[in-house]
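# Observations on chain architecture
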Amino acid sequence: MQEKIIVTGGCGYIGSHTVITLINHNYEVVILDDLSNSNVQILDRIEKITGVRPHFEQVDLKSSEATQAVFKTHKDAKAVIHFAAHKAVAESIQNPLMYYQNNLFSLINTLKAQQDNGINHLIFSSSATVYGNPSTMPITEDAPTQRSFSPYGNTKKIAEEILEDFTNSQSEISVISLRYFNPIGAHESGQIGEFPTGIPNNLMPYITQTAAGVREKLMVFGNDYPTKDGTPIRDYIHVVDLADAHLKALQRLLDPSSTQPLEVFNLGTGKGYSVLEMIKAFEAVSGSPLNYEITERRPGDVPEMFASTALAKQVLNWEATRGLQEMIQSSWTWEQNLRNEL
Ligand code: UFG
């Protein structure tokens with residue numbers, strides 16, 4: 001008997017890769033997505049890759065009625081993986097209420113609907129942004145969380161606090177919160193990947209769009225940080241490694257011998273690369289120079305972030321296996337495929 005898993009935001013970037021991993025491990029997947037930042041055609045691609053079309057419900061999780069109704073229909077689900085959220089830092093600074101309303105209402109409605117329907121396990125998409133500007137590297141899970149620079153980041157910090165209070169309240173529900181570092185890369189099929197709407201906020205899609213001629217040049221936001229070459233260092237992680245980590249977290253939650261109400265894990269590789277190193281690595285993969293220019297710092301950027309991976313390795317038996325070259329190559333292949341299609 002297949003176990004049914006509800007995946008909110010399953011049409012999005014990390015969600016769709018995780019759906020593929022779940023299907024490949026014989027779970028029955030129900031995707032809930034409002035399609036506000038994704039396309040329903042992703043279902044065709046998931047079907048092409050896995051041979052299985054996941055069940056899909058278009059639903060706005062900001063509505064408690066709609067959330068209750070859809071969870072009631074799928075009350076036989078064993079767990080929820082909650083990806084659904086807005087994630088654009090700059091947009092969240094422009095429109096904080098939209099971010100607090102969407103990201104927090106959807107979490108609260110999901111928890112309430114889980115409670116009312118006896119679905120007792122949740123995996124939450126958190127972010128390394130909850131560490132703010134950490135003082136020691138690598139970052140361990142017990143490092144203090146800090147108020148984020150952006151409302152987006154703050155929704156992740158507040159969400160973790162909600163989960164802490166909720167799991168302390170003797171609720172039946174157990175939770176794993178996964179703090180992602182910098183997800184990049186795409187599925188090896190070249191069929192799915194990141195597809196940012198408008199101008200990309202993040203480095204990797206900006207690089208690939210510049211190389212594809214969609215953007216004129218990459219702006220490197222500052223080279224006067226206290227790092228080896230002056231540009232900020234991040235821990236980039238392959239999205240398929242992230243998807244594998246969700247599978248491990250799910251297996252742990254569903255294991256009757258694990259009794260922790262709330263656990264938190266970093267998902268990174270433990271290795272940091274600067275912006276200039278990323279550009280060089282991309283040029284080596286694509287075989288062409290990238291047009292870029294050093295400009296002013298971007299407000300809110302911190303000099304250095306990379307994960308301690310020890311806890312995820314020890315408890316989840318998970319570690320990232322895909323290196324930088326593979327991450328960049330898959331991002332570039334996906335971008336080229338996308339441009340050929342558009
Ligand atoms: N960068 C550029 N030019 C760009 C885009 C990014 O130089 O056009 C630089 C940034 O300054 C930063 C690095 O590339 O040094 C990585 O930037 P990203 O935007 O790709 O990633 P961030 O680490 O800033 O963002 C990540 C997550 C967010 C999260 C944020 C907060 O993607 O979800 O961390 O720490 F909110």
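You'll find the structure just up there.
This write-up is about the structure you can find in this document. (Residues numbered from 1 in each chain as written. Predicted model: local features only at pLDDT ≥ 70, side-chain atom pairs only at ≥ 80, totals over all residues. Heavy atoms only, no water.)

## Section: the overall build of the chain
Looking only at helices and strands, the chain features 11 helices and 13 strands. Its C-alpha atoms give the chain a radius of gyration of 19 Å, near enough to 20 Å, the size a compact globule of 342 residues would have. Each of the three principal axes of the chain carries a C-alpha extent, and together these read 55 × 45 × 40 Å. For the chain, the residues scored as buried account for 52% of the 342 residues in total. Of the contacts formed within the chain by residues at least 6 apart in sequence, a portion of 80% connects residues at least 24 apart. Accessible surface computed for the chain: about 15,200 Å², of which carbon and sulfur atoms make up 48%. Considering the chain, the positive charge centre built from 27 side chains and the negative charge centre built from 39 side chains are found 1 Å apart. (Helix = DSSP H or I, 4+ residues; strand = E, 2+ residues; numbered from the N terminus. Rg over C-alpha atoms; globule rule 2.2 N^0.38 Å. Buried < 20%, exposed > 50% of the residue type's maximum accessible area, 1.4 Å probe, protein only. Contact = heavy atoms within 4.5 Å. Areas by Shrake-Rupley, 256 points an atom, 1.4 Å probe, with all protein chains shown as cover. Lys, Arg positive; Asp, Glu negative; His and termini not counted. Charge placed at Lys NZ, Arg CZ, Asp CG, Glu CD.)

## Remarks on the nonpolar core
By size, the foremost hydrophobic cluster in this structure holds 38 residues, and its most contacted members are I5, L22, L178 and L250. Element by element, the count of residues in this core is highest for helix α8 (residues 239–254), at nine residues. Not counting chain neighbours up to four residues away, the residues in contact with L178 comprise I123, F124, S125, S126, S127, H246, A249, F265 and L267. Counting residues in each nonpolar core, the second largest holds 22 residues, with L32, L61, A113 and A159 among its members. (Core = buried A, V, L, I, M, F, W, Y, C linked by side-chain atoms within 4.5 Å.)

## A few points about the layout of surface pockets
In this structure, the second largest pocket encloses a volume near 260 Å³. Taken together, 18 residues line the second largest pocket, and the ones lying closest to its centre are A186, H187, E188, V240 and R322. Residue assignment for the lining of the second largest pocket shows that the elements contributing at least two residues are α1 (13–24), α8 and α11 (324–341). Ranked by residue count, the leading element in the lining of the second largest pocket is α11, at five residues. Among the residues making up the lining of the second largest pocket, the classes are represented as five nonpolar, nine polar and four charged. (1 Å grid on protein atoms, 1.4 Å probe; cavity = no way out; pocket = protein on both sides within 12 Å on 5 of 7 lines; lining within 4 Å. Points joined across faces, edges and corners; volume = space filled by probe spheres on them. Nonpolar A, V, L, I, M, F, W, Y, C, P; charged D, E, K, R; others polar.)

## Overview of empty space enclosed by the protein
The full count for this structure, using the stated rule, is three cavities of 30 Å³ or more. Lining the largest cavity, in full, are Y13, I184, G185, E194, P196, M204, P205, T208, S331, W334 and E335. Taken together, the elements giving at least two residues each to the lining of the largest cavity come down to α7 (203–211) and α11. Taken together, the residues of the lining of the largest cavity break down into six nonpolar, three polar and two charged.

## Some points on α1
Over its 12 residues, α1 runs 17 Å from end to end, which matches the ideal 16 Å to within 8%, given 1.5 Å per residue. Burial runs high along α1: 11 of the 12 residues are buried. Buried within α1 we find Y13, I14, G15, S16, H17, T18, V19, I20, T21, L22 and I23. Phi for N26, located one or two positions after α1, is positive at around 70°. (Expected span 1.5 Å × (residues − 1).)

## Brief notes about unusual backbone geometry
Cis geometry marks the peptide bond from M137 to P138, where omega comes out at -10°. Inspection of the secondary structure assignment puts P138 in the loop between β5 (121–127) and α6 (151–168). Not every positive phi belongs to a glycine, and N26 is a case in point at roughly 70°. Backbone geometry at N317 places phi at a positive 60°, although glycine is not the residue there.

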